Amino acid sequence: FFGNPDKSLLLLKATGQVPHGGGARLAKSSSGYVAIRSWIAQGAQMDAAASPKLVNVDIVPNKGTLRRQATQQLKALARYSDGSVRDVTSMALFEANDKAMAEVSESGLVKVFDLPGKVSVMVRYQTRVAVFNASIPLGAPVEALPPVKNFVDTSVFANLKELGIPPSPVCDDATFLRRVTLDIAGRLPTDAEAKAFLADKSADKRDKWIDELLRSPDYADFFAGKWTAVLKNRRDDESDLVSNFAFHAWVRDSLLANKPYDQFVRELMGATSTIIENPPVAWYKRVKDPKTQIEDVAQLFLGVRVQCAQCHHHPFERWSQDDYYSLAAFFSQVGRKPSATRGEDLIFHKRGMATATNMKTRVALKPAAFGDVVPAIAPDEDPRLRLADWMKSPKNPFFAKVLVNRYWKHFFQRGLIEPEDDIRDSNPPSNPELLAALEKHFLDSKFDLKELVRAITRSNAYQLSSMPNKHNLG
């Protein structure tokens, strides 16, 4: 209400004077209240077209090393298209990515706790984000490290030395045998396997046992269970029985044969026909429209959560509604019709020009992958396969990264990025060098899943004892 700004619902709800689902978000004494009240009193005029636009947000400092229980004040600086810079610390939003390691106040004061390691604080102002990265050293002397067996050890041990965290020694043979058999095969070693392994005096017996497990049906069975769970292979009623078994068998056989990961994903996304003839079609039984299809693909295979962008700009990232619907266009030509099997559909490519309409602007958008322009797709070409080609490109910043992060979490119970399927600039990895090395190794191996497991489990970082020393206890 221009004549009486204090009675405007925008202010009454924000201050909690009128019931509001979001609760009180603004104090009457705050500068934000004063700014909005003044704007309403002046007629609530929108910015002119020529007004400076927000270009970027910088955080000062953007990184630092903090002693345990120390504090650090952050300053958020907004940079505009006319070259001007404004201190927006009081209006920015701050959030620590690990609340067990640090907390941050509304004014940008970071306080770190006793846990050593690396923590990040996301700073958001309007549509832009920045990240403050902090190292919290334990500061203990790292006088000796286990031998470096591969690139995993190089990155992990360098990080431990930087943080002053002496690692525990390499575990004994019995511990290793139990751990790796559970992690790769999902079972305990048999008595015969344990006796043979402990009696073996060869220097490479651990590497040989890892290879033996990866050749076994137990590996395929165990990891098929994990993959079919995230791919929604569930049974709602008895009519699902055939498709459940067929899809699980396809995943298991793919893992046993060590099918390259990019080929596995391509066969899944581009599946056509019936479940009996082509089992990966079963995935389309659970994700029946382009929106759920692209949301599943984006989160599972790219580590990008695009659900928010269906209605508005992603709050923590750069994804817009156009990005969302351009991705949905890849699945716009998926057709389905009843098959001869009760409860099962036949999936086919409908042919035609692939587009998806932005529900807000009503503009029909062609397929595009997170800003990457895709060359024109012919009406008789399946757009899903073009998306699969883009995903496996070495230049893709998501596909390999989210997979190696997911597998790292399997073996270490915590991803280098947490949550493991939330890859974004404002959620950096705890060890960027290690994540980059794992990603490069996976790409260089041509998406070899077994080779990735070998690299992780052969490292001494994986084989360290779980028994703490006096420095890393707790």
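Worth saying up front: this structure is predicted, and the values here are computed from it rather than measured.

(A) Broad picture of the packing of helix α11 (residues 290-301) against helix α12 (residues 321-328). Packing of α11 against α12 brings their axes to within 9 Å, and their N-to-C directions diverge by 105°. Between α11 and α12, the interaxial angle falls into the category roughly perpendicular. Residues P290, K291, I294, E295 and A298 of α11 form the contact with α12, whose participating residues are Y324, Y325, L327 and A328. Among the residues making up the contact of α11 with α12, the classes are represented as seven nonpolar, no polar and two charged.

(B) Spotlight on the environment of A49. Looking at the element boundaries, A49 is found in the loop between α2 (31-41) and β1 (54-60). The sequence separation of A49 and L473 amounts to 424 residues, and the corresponding C-alpha distance is 59 Å.

(C) Representation of the pairing of strand β10 (residues 128-136). Note: strand β2 (residues 63-65) against β10, three bridges, orientation parallel. Counted as the bridge partner of K63 is N133 from β10. With nine bridges connecting them, strand β9 (residues 117-125) and β10 associate as antiparallel partners. Bridge pairing in β10 links M122 to V131. Following β9, the chain reverses through two residues before pairing antiparallel with β10; Q126 in that reversal takes a positive phi of roughly 55°.

(D) Up close: helix α6 (residues 205-215). Those residues of α6 lying buried are K205, R206, W209, I210, D211, L213 and L214. Looking at the buried residues of α6, the elements they touch are α4 (173-185), α5 (191-199), α7 (217-230) and α16 (449-458).

(E) Summary view of the pattern of salt bridges. By the definition in use, this model includes 31 salt bridges. Its salt-bridge partner being D345, residue R336 comes within 3.2 Å of it at the nearest N-O pair. For R336, a relative accessible area of 27% gives the class partly exposed. Between D444 and K440 there is a salt bridge, with the nearest N and O atoms lying 2.7 Å from each other. Of this pair, D444 and K440 both sit in helix α15 (residues 432-444), four residues apart, roughly one helical turn. Connected through salt bridges with shared partners, the residues K149, D207, D211, E451, R454 and R458 form a single ionic network.

(F) Expanded view of the packing of aromatic side chains. As enumerated under the stated definition, the model contains 20 aromatic pairs in all. A ring pair is formed by Y324 and Y325, whose centres lie 5.0 Å apart and whose planes are at 75°; its orientation type is edge-to-face. Of the residues examined, Y325 reaches a relative accessible area of 3% and is grouped as buried. Plain terms: the ring middles of F370 and F398 are 5.8 Å apart, the flat faces sit at 65° to each other, and that makes the pair edge-to-face. With a gap of 28 residues between them, F370 in the loop between β15 (368-369) and β16 (372-373) and F398 in the loop between α13 (383-391) and α14 (399-412) connect regions that are remote in the sequence. In this structure F398 comes out as buried when scored by relative accessible area, which is 7%. One aromatic cluster is present, formed by W227, F247, W250, Y261, F264, F301, F399, F442 and F447 through successive ring pairs. The ring of Y462 has R179 sitting right over it, with the charged end atom 5.8 Å from the ring centre. The cationic tip of K205 hangs over the ring face of F197; the distance from NZ or CZ to the ring centre is 4.7 Å.

(G) Representation of the packing of α14 against α15. At their nearest, the axes of α14 and α15 sit 9 Å apart, and the two run at 110° to each other. Accordingly, the angle class assigned to the pair α14 and α15 is roughly perpendicular. Considering the relative orientation of α14 and α15, their crossing is right-handed. Two secondary-structure elements touch here, α14 through A400, K401, L403, V404, N405 and W408 and α15 through L434, L435, L438, E439, F442 and L443. For the contact of α14 with α15, the per-class residue count stands at nine nonpolar, one polar and two charged.

(H) Representation of the nonpolar core. Formed by 96 residues in total, the largest nonpolar core has its most connected members in W227, Y261, F301, F331, F370 and M391. For this core, the element with the highest residue contribution is α14, accounting for eight residues. Excluding its chain neighbours within four sequence positions, the residues that come into contact with M391 are V265, M269, V297, F301, L302, N396 and F399. Core analysis: the next-biggest nonpolar cluster, separate from the first, contains 26 residues, I59, Y80, V110 and V121 among them.

Reading the values: the criteria
Residues numbered from 1 in each chain as written. Predicted model: local features only at pLDDT ≥ 70, side-chain atom pairs only at ≥ 80, totals over all residues. Heavy atoms only, no water. Axes fitted to C-alpha atoms, helices over the stretch in contact; angles between N-to-C directions. Helix = DSSP H or I, 4+ residues; strand = E, 2+ residues; numbered from the N terminus. Parallel < 35°, antiparallel > 145°, perpendicular 65-115°, else oblique. Contact = heavy atoms within 4.5 Å. Nonpolar A, V, L, I, M, F, W, Y, C, P; charged D, E, K, R; others polar. Pairing = 2+ DSSP bridges. Buried < 20%, exposed > 50% of the residue type's maximum accessible area, 1.4 Å probe, protein only. Salt bridge = Lys/Arg side-chain N within 4 Å of Asp/Glu carboxyl O. Phe/Tyr/Trp six-rings, centres within 6.5 Å; stacked < 30°, edge-to-face > 60°. Lys NZ or Arg CZ within 6 Å of the ring centre and 35° of its normal. Left-handed = near helix turned anticlockwise from the far one by under 90°. Core = buried A, V, L, I, M, F, W, Y, C linked by side-chain atoms within 4.5 Å.

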